[in-house]
Amino acid sequence: MAEKVKPYKDSGASKKAQVTQMFDTISEEYDGLNRVISFGIDIKWRNKVVDMVKKSNPENILDIATGTGDLAISLTKTSAKEIIGLDISDGMLEVGRKKISAKKLDGVISMVIGDSEDLPFENDTFDAITVAFGVRNFENLEKGLAEILRVLKPGGLFVILETSVPTNPVYKFGYNTYSKFILPTIGKIFSKDRVAYKYLSDSASVFPYGDALNNILRKIGFINVVDQPQTMGVATIYSASKS
């Protein structure tokens, strides 16, 4: 079970409510600051996710925790006829809608506000489902994954892109130094929400990765579970399917 880290420790609100508040607050700055703190490498990781999904020839795709829609926009390269980006933060979605409109992708991508743990879709709806840097924000990880399994079509593809911790001691030391000290400092200086980037760092450090997340996926009922560490293990791409 993933340890439950919340953005605002002094707040009595649920993790879900706090995450929504946090992303609403930082929505306008999120894209630019995200490129800085990841050195732009996150674009490369997302492109790998797109390549994986493209091989499955999906007709429709659900991108959960879509945020400002970066992955949803990239997924248009798969030639899917319908892409739905779902997020709990309307602030993030509004930024995404402007980007989608500017690229004239309104006919393919729709942005929907919704809860990953109570998806507003019928069983067996989507050929492919993706989540990029979002599963660690779920209030209840297993409930959210079970909902994803429910709305995924039999034989459909599920892909997660999420932060992880390098296993090599040298890389792990560098990762811990950056995530615990440098990233939160950047957030304090440049973000409207001084605790947001500390939360993003803290939640990543305690979230299950590698075999631990593989085992949770299998427990929920996913099959063909595979993990692929990226960039010395600072992120991992997981793929799975539904029987």
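Residues numbered from 1 in each chain as written. Predicted model: local features only at pLDDT ≥ 70, side-chain atom pairs only at ≥ 80, totals over all residues. Heavy atoms only, no water.

Asks: Can you lay out the packing of helix H6 (residues 169–190) against helix H7 (residues 196–206) for me, pointing to particular residues and giving the numbers?
Replies: The interhelical angle for the contact between H6 and H7, taken along N-to-C directions, is 160 degrees, at an axis separation of 8 Å. One finds that H6 runs roughly antiparallel with respect to H7. In terms of crossing hand, the pair formed by H6 and H7 is right-handed. Judged by residue contacts, Tyr 175, Ser 179, Lys 180, Leu 183, Pro 184 and Gly 187 of H6 engage Tyr 197, Lys 198, Ser 201 and Ala 204 from H7. For the contact of H6 with H7, a count of residues per class yields five nonpolar, three polar and two charged. (Axes fitted to C-alpha atoms, helices over the stretch in contact; angles between N-to-C directions. Helix = DSSP H or I, 4+ residues; strand = E, 2+ residues; numbered from the N terminus. Parallel < 35°, antiparallel > 145°, perpendicular 65-115°, else oblique. Left-handed = near helix turned anticlockwise from the far one by under 90°. Contact = heavy atoms within 4.5 Å. Nonpolar A, V, L, I, M, F, W, Y, C, P; charged D, E, K, R; others polar.)

Asks: Let's hear about helix H2 (residues 41–54): which residues, and what values?
Replies: Here H2 contains 14 residues, and its C-alpha end-to-end distance of 20 Å stays within 8% of the 20 Å for a straight helix at 1.5 Å per residue. Where H2 is concerned, the buried positions are Asp 42, Trp 45, Arg 46, Val 49, Val 50, Met 52 and Val 53. Buried residues of H2, viewed axially, fall in a sector of 160 degrees; they line one side. (Expected span 1.5 Å × (residues − 1). Buried < 20%, exposed > 50% of the residue type's maximum accessible area, 1.4 Å probe, protein only. Arc of directions from axis to C-beta.)

Asks: Can you lay out the pattern of salt bridges for me, pointing to particular residues and giving the numbers?
Replies: Using the criterion set out here, one finds 16 salt bridges in the structure. Put simply, Lys 242 and Asp 124 hold a salt bridge, and the shortest N to O gap is 2.6 Å. Taken together, the positions of Lys 242 in the segment after strand E7 (235–241) and Asp 124 in the loop between strand E3 (109–113) and strand E4 (126–132) put the pair 118 residues apart, joining distant regions of the chain. Residue classification places Lys 242 among the buried positions, given a relative accessible area of 14%. A salt bridge links Lys 153 to Asp 127; its shortest N-O distance comes to 3.1 Å. Taken together, the residues span a long stretch of sequence, with Lys 153 in strand E5 (residues 152–163) and Asp 127 in strand E4 at a distance of 26 residues. Among the ionic contacts, a cluster of salt bridges with common partners joins Asp 31, Arg 35, Asp 42, Arg 46, Asp 70 and Lys 99. (Salt bridge = Lys/Arg side-chain N within 4 Å of Asp/Glu carboxyl O.)

Asks: Any details on a nonpolar patch on the surface? Residues and values, ideally.
Replies: A cluster of nonpolar residues, Val 170, Tyr 171 and Met 232, forms a patch on the protein surface that exposes about 320 Å² of accessible area. As for its placement among the helices and strands, Met 232 is situated in the loop between strand E6 (223–230) and E7. (Patch = residues over 30% accessible without salt bridge, like charges linked within 9 Å, V, L, I, M, F, W, Y side chains within 5 Å. Areas by Shrake-Rupley, 256 points an atom, 1.4 Å probe, with all protein chains shown as cover.)

Asks: Please give an account of H6 that cites residues and values.
Replies: Between its terminal C-alpha atoms H6 stretches 30 Å, which fits the 32 Å expected from 22 residues at 1.5 Å a residue. Inspection of H6 places Tyr 175, Tyr 178, Ser 179, Leu 183, Pro 184, Ile 186 and Gly 187 among the buried residues, and these make up the whole buried set. Its buried side turned inward, H6 meets helix H1 (15–37) and H7. A distance of 2.9 Å separates the backbone nitrogen of Val 170 from a side-chain oxygen at the start of H6, and that oxygen is part of Asn 168. (Polar contact = N/O pair within 3.5 Å; in protein donor to acceptor, adjacent residues only side chain to side chain.)

Asks: Break down the sheet that holds E5 for me, citing the residues and quoting the values.
Replies: Taking strand neighbours across the sheet as the criterion, the seven strands line up as E3-E2-E1-E4-E5-E7-E6 in an open arrangement whose pairing is mixed. Unpaired on one side and paired on the other, E3 and E6 mark the two borders of the sheet. The average angle at which neighbouring strand axes cross in this sheet is 15 degrees, direction not considered. As defined by bridge partners, E4 adjoins E5 across six bridges and the pair is classed as parallel. Among the inter-strand pairings, Thr 130 is bridged to a residue of E5, identified as Val 159. (Pairing = 2+ DSSP bridges.)

Asks: Describe in detail the packing of H1 against H7, supporting the description with residues and values.
Replies: Taken N-terminus to C-terminus, the directions of H1 and H7 make an angle of 95 degrees; their axes are 9 Å apart at the nearest point. By the angle between their directions, the pair H1 and H7 is classed as roughly perpendicular. Every residue of H7 that contacts H1 at Lys 15, Val 19, Met 22, Phe 23, Ile 26, Glu 29, Tyr 30, Leu 33 and Ile 37 is listed here: Ala 196, Tyr 197, Tyr 199 and Leu 200. The class makeup of the residues in the contact of H1 with H7 is eleven nonpolar, no polar and two charged.

Asks: Give me the pairing of E7: which residues, what numbers.
Replies: Most of E7 is tucked away, with seven of its seven residues classed as buried. Here E7 shows a buried face lined by Ala 235, Ile 237, Ser 239 and Ser 241 and a second buried face lined by Thr 236, Tyr 238 and Ala 240. Pairing of E5 with E7 involves seven bridges; the strand directions are antiparallel. Opposite Glu 162, over in E7, you have Thr 236 as the bridge partner. Examined bridge by bridge, E6 and E7 share six bridges and lie antiparallel to one another. Looking at the pairing, Gln 228 lines up with Ile 237 of E7.

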